[in-house]
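# Understanding the architecture of this molecule
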Amino acid sequence: MSKKTMIVFSGDLDKAMAAFIIANGAASMGDEVTMFFTFWGLNILRKAQKVRVQKSMIEKMFGWMMPRGPEKLKLSKMNMGGIGSYMMRSIMKQKNVYSLNELMESAQAMGVKLIACTMSMDIMGIKKEELIDGIDYAGVATYLAHADEGNVNLFI
Amino acid sequence: MEERYINAKGLQCPGPIMKLFQEIKTMATGEKVKIEASDFGFSKDVEAWCKKTGNKLLSLEQSDNVITAIVEKA
């Protein structure tokens, strides 16, 4: 068994899809997969619903401005104020492509490890309660230790 | 032993290999599974998947819009 690691830095819908397609594919090839979510990538792990937590004014503003979870992400190109993302989602549905939500659920079910970067969480004021269940929290050393064991490492 | 069957038609990448992986996990060594997929990338993918996982690709056919592979669990 080999191991794949990914740094998911981007919070764009298309890039998140690519990351989770690779993760599901690798897990289906019998590989261990670790995904480390940092900066904008953290938004992929946010719960769709609002969670009441203590925050400073700036943290609250960050929270309002950033997408809450996979359903709210935007395309990196041709977003056109949300029209592009809407069209992409409906085309993908029509063509029977897994939604980001489904890809995330199946990745977790297949044992893909999702790790949220605690430093990014602190900067952006994102609390544990706002992120989905079943993930780990760690820093760069944990990620590097995983990457050392892997034979493929991607920055997305 | 009866050959198993997976209908992966209409599924997009990585659906077919995910289905194949999940099915193979429940199979015994020497058991065979036939999988049909419509994603035309599956032809190369099933070869790569078998090479990587060590399972045996017994046959691979493409007709019209369907790719049919038979895989034996190693």
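Up top you'll find the structure we're talking about.
Just so it is clear, the model here is predicted, and its values are computed rather than measured.

Attention now goes to the overall build of chain B. Looking only at helices and strands, chain B has two helices and four strands in total. The secondary structure elements of chain B, listed N-terminal to C-terminal, are β-α-β-α-β-β. On C-alpha atoms alone, chain B measures out to a radius of gyration of 11 Å, which is about the 11 Å that the 2.2 N^0.38 rule sets for 74 residues. By its C-alpha atoms, chain B is 30 × 25 × 20 Å across when sized along the principal axes. Considering chain B as a whole, with its 74 residues, one finds that 41% of them fall into the buried category. In chain B, the proportion of contacts linking residues at least 24 apart, taken out of those at least 6 apart, comes to 61%.

A word on the packing of aromatic side chains. Residues and elements named next belong to chain A. In the structure shown here, the tally under the stated rule is four aromatic pairs over all chains. Between F9 and F39 the ring centres are 5.5 Å apart and the planes differ by 35°, which places this aromatic pair in the tilted class. Highlighted residues: F9 in the loop between β1 (3-8) and α1 (13-28) and F39 in the loop between β2 (32-37) and α2 (57-65), separated in sequence by 30 residues. Each ring, one from F20 and one from F37, has its centre 6.0 Å from the other, and the planes form 25°; the classification is stacked. Taken together, the residues F20 in helix α1 and F37 in strand β2 connect sequence positions 17 residues apart. Each member of the pair, F20 as well as F37, is classed as buried. Following the ring pairs from residue to residue traces out a cluster consisting of F9, F39 and F155.

Glancing now at the sheet that holds strand β1 (residues 4-8) of chain B. Residue and element names in this part refer to chain B. Strand order in the open sheet formed by four strands is β1-β2-β4-β3, with mixed pairing between adjacent strands. The outermost strands of the open sheet, each flanked by one partner alone, are β1 and β3 (56-63). Averaged over all adjacent pairs, the angle separating strand axes in this sheet is 15°, with direction ignored. Sitting on the sheet, helix α2 (residues 42-53) is in contact with β2 (32-37), β3 and β4 (66-72), with an inclination near 180° to β3.

Our focus in this paragraph is the interface of chain A and chain B. Counting residues at the interface gives 17 residues for chain A and 14 residues for chain B. Sorting the residues of chain A by area buried against chain B places S28(A), M29(A) and Y98(A) first, and these three jointly supply 48% of that buried surface. Taken together, the links from chain A to chain B amount to one salt bridge. When the shortest N-O distance is used, the salt bridge between K52(B) and D31(A) registers 2.8 Å. Scanning the region where chain A abuts chain B turns up five residue pairs in polar contact (both at pLDDT 80 or more). Of all the secondary structure elements, the ones that give two or more residues to the side of chain A that touches chain B are α1 and α4 (100-109) of chain A. At five residues, the largest contribution of residues to the side of chain A that touches chain B is made by α1(A). Considering only residue class, the side of chain A that touches chain B consists of seven nonpolar, seven polar and three charged.

What counts as what
- Residues numbered from 1 in each chain as written.
- Chains lettered and ligands numbered in written order.
- Predicted model: local features only at pLDDT ≥ 70, side-chain atom pairs only at ≥ 80, totals over all residues.
- Heavy atoms only, no water.
- Helix = DSSP H or I, 4+ residues; strand = E, 2+ residues; numbered from the N terminus.
- Rg over C-alpha atoms; globule rule 2.2 N^0.38 Å.
- Buried < 20%, exposed > 50% of the residue type's maximum accessible area, 1.4 Å probe, protein only.
- Contact = heavy atoms within 4.5 Å.
- Phe/Tyr/Trp six-rings, centres within 6.5 Å; stacked < 30°, edge-to-face > 60°.
- Pairing = 2+ DSSP bridges.
- Axes fitted to C-alpha atoms, helices over the stretch in contact; angles between N-to-C directions.
- Buried area = accessible area lost by both parts, 1.4 Å probe.
- Salt bridge = Lys/Arg side-chain N within 4 Å of Asp/Glu carboxyl O.
- Polar contact = N/O pair within 3.5 Å; in protein donor to acceptor, adjacent residues only side chain to side chain.
- Nonpolar A, V, L, I, M, F, W, Y, C, P; charged D, E, K, R; others polar.

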